[in-house]
Amino acid sequence: MNAAPADQIRLLDVQALDVRLTQLAHRRNNLPELAELQTLEADLIQQRDLLVAAQTEESDTSREQTKAEQDVDQVRQRAARDQKRLDSGAVTSPKDLENLQRELTSLAKRQGDLEDVVLEVMERRESAQERVTELTGRVDAIQAKVDDAATRRDAAYAEIDAERATVTKERELTVADIPADLLKLYDKIRTKEGGVGAARLYQRRCEGCRLELNITEVNDVRAAAADAVLRCENCTRILVRTPDSGL
């Protein structure tokens, strides 16, 4: 393949732009904010799960407390009715009076036991409420960090995308005057060789593979026509000659 020396040198400009686009893509995919967000979001999920568990416990103990208080109230009402009967004098039979007093004693003990249950449930509910408050604070704090990291990520994305658009436009203008067949060869090699399709020959060294040409290769390059499109024998990339090639 033949191409004007100026077109071959222009390939180096395209290569530099492609390298910059690759760097921008790598930077976009490896922003520190992305790793930060991944860690924060995992922590946020964990704390939210703990918060849901604490809220569930608080809700359960609330219902349990209500039920225990209702049980106490029922025993209290029954004891009040029995006490009213006893005080009214309507019960005159010694045996009935004894049974009534025995029941009042039993109800008093039952009420005491139930009130102890209420206190125990109240303590568990208060503990759950404190846990909910604590975890809510943690979740809010982590969410604030997530929001901050997301804002910084989006700002970095915007900056990178703006530069990428500029570089892409510059590449479009640069390749416009390069022969299609030369550009096609360059793109094919670039895809195959890790993003580098053309390399400068500098002081007899290929800047693609960083290897110095041997004397036979140097003589072949010297003998080649100025418009000949040369390939590096080591890395197969397009070898672009410049005034600094050391020939």
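Anyway, here's the lowdown on the structure attached to this text. Numbers given for residues are sequential positions, taken from 1 along each chain in its written order. pLDDT decides what is reported in this predicted model: residues at 70 or higher carry local features, side-chain atom pairs at 80 or more are listed and counted, and totals for whole chains, interfaces and linings draw on all residues regardless. Heavy atoms from the whole structure form the basis of all side-chain values; hydrogens and water molecules are not counted.

1. Some remarks on the nonpolar core
Heads up, the condition is: Only buried residues count toward a nonpolar core, which is a set of Ala, Val, Leu, Ile, Met, Phe, Trp, Tyr and Cys residues joined through side-chain atoms within 4.5 Å. Between buried and exposed lies partly exposed: a residue is buried under 20% and exposed over 50% of the maximum accessible area for its type, with that area taken using a 1.4 Å probe on protein chains only. Helix and strand assignments come from DSSP, with helices taken as H or I runs of at least 4 residues and strands as E runs of at least 2, each series counted from the N terminus. Here, two residues are considered to be in contact whenever any of their heavy atoms come within 4.5 Å of each other.
L11, I178, L182, Y186, A198, V229 and I238 are the most contacted members of the largest nonpolar core, which has 15 residues in total. For this core, the secondary structure elements donating two or more residues are α1 (5-29), α4 (180-192) and β4 (238-241). Top contributing element to this core by residue count: α4, with five residues. Y186 has contacts with L11, V14, Q15, D18, R171, G197, A198 and I238, leaving out every residue within four places of it along the chain. By size, the runner-up hydrophobic cluster in this structure holds twelve residues, among which are L37, L40, V132 and I142.

2. Describing the pattern of salt bridges
This is how it is decided: Salt bridge, as used here, is a side-chain nitrogen of Lys or Arg placed within 4 Å of a carboxyl oxygen of Asp or Glu.
In the structure shown here, the tally under the stated rule is 28 salt bridges. Across the pair E207 and R200 runs a salt bridge whose closest N-O atoms are separated by 3.0 Å. Its relative accessible area of 28% is what places E207 among the partly exposed residues. One connected set of salt bridges, linked through shared partners, spans D18, R171, D187 and R190.

3. A closer look at unusual backbone geometry
Residues other than glycine seldom take positive phi values, yet Q203 does so here, at roughly 50°. With respect to the helices and strands, Q203 occurs in the loop between β1 (198-202) and β2 (205-206). The partly exposed category is assigned to Q203, whose relative accessible area is 46%. In the Ramachandran plot, R210 falls in the positive-phi region, its phi being about 70° despite a non-glycine side chain. Tracing the backbone through its elements, the reader meets R210 in the loop between β2 and α5 (215-223).

4. As for the packing of aromatic side chains
For clarity, the cut-off: Centres within 6.5 Å are what make two rings of Phe, Tyr or Trp a pair, Trp counting through its six-membered ring; a difference in plane orientation under 30 degrees is then read as stacked, over 60 as edge-to-face, and the rest as tilted. Charge over a ring is defined by NZ of Lys or CZ of Arg lying within 6 Å of the ring centre and within 35 degrees of the ring normal.
Evaluation of the coordinates by the stated rule reveals zero aromatic pairs. Positioned above the aromatic ring of Y157, the side-chain terminus of R28 is 3.9 Å from the ring centre.

5. A short note on the environment of Q143
Summarising the element assignment, Q143 is placed in helix α3 (residues 94-175). Along the sequence, Q143 and C209 sit 66 residues apart, while their C-alpha atoms lie 48 Å from each other. Filtering out sequence-adjacent residues up to four positions away, Q143 remains in contact with L44 and R48.

6. Some words on the side chain of D7
Checked against the element boundaries, D7 lands in helix α1. If sequence neighbours within four positions are ignored, D7 has contacts with D177, P179 and L182.

7. What about the packing of α1 against α4?
Two numbers describe a pair of packed helices, the interaxial angle and the distance between the axes. Rule in force here: Fitted lines through C-alpha atoms give the axes, limited to the stretch in contact for helices. The angle between two N-to-C directions lies from 0 to 180 degrees. Here roughly perpendicular refers to angles of 65 to 115 degrees, roughly parallel to angles under 35, roughly antiparallel to angles over 145, and oblique to all remaining angles. We call a crossing left-handed when the near helix sits turned anticlockwise from the far one by less than a right angle, and right-handed when that turn is clockwise. Under the scheme applied, nonpolar residues are Ala, Val, Leu, Ile, Met, Phe, Trp, Tyr, Cys and Pro; charged residues are Asp, Glu, Lys and Arg; polar residues are all the others, including Gly.
Where α1 contacts α4, the two axes come as close as 11 Å, and the packing angle between them is 40°. Classified by the angle their axes make, α1 and α4 are oblique. The hand of the α1/α4 crossing is right-handed. From α1, D7, Q8, L11, V14, Q15 and D18 reach across to α4, where they touch L182, Y186 and R190. Grouping the amino acids of the contact of α1 with α4 by side-chain chemistry returns four nonpolar, two polar and three charged.

8. Looking at the pairing of β1
Formally: Two strands are said to pair when DSSP picks up at least two bridges between them.
Examined bridge by bridge, β1 and β4 share four bridges and lie parallel to one another. In the strand pairing of β4, A198 is matched with I238. Pairing between β1 and β2: two bridges, direction antiparallel. Across the sheet, L201 pairs through a bridge with C206, a residue of β2.

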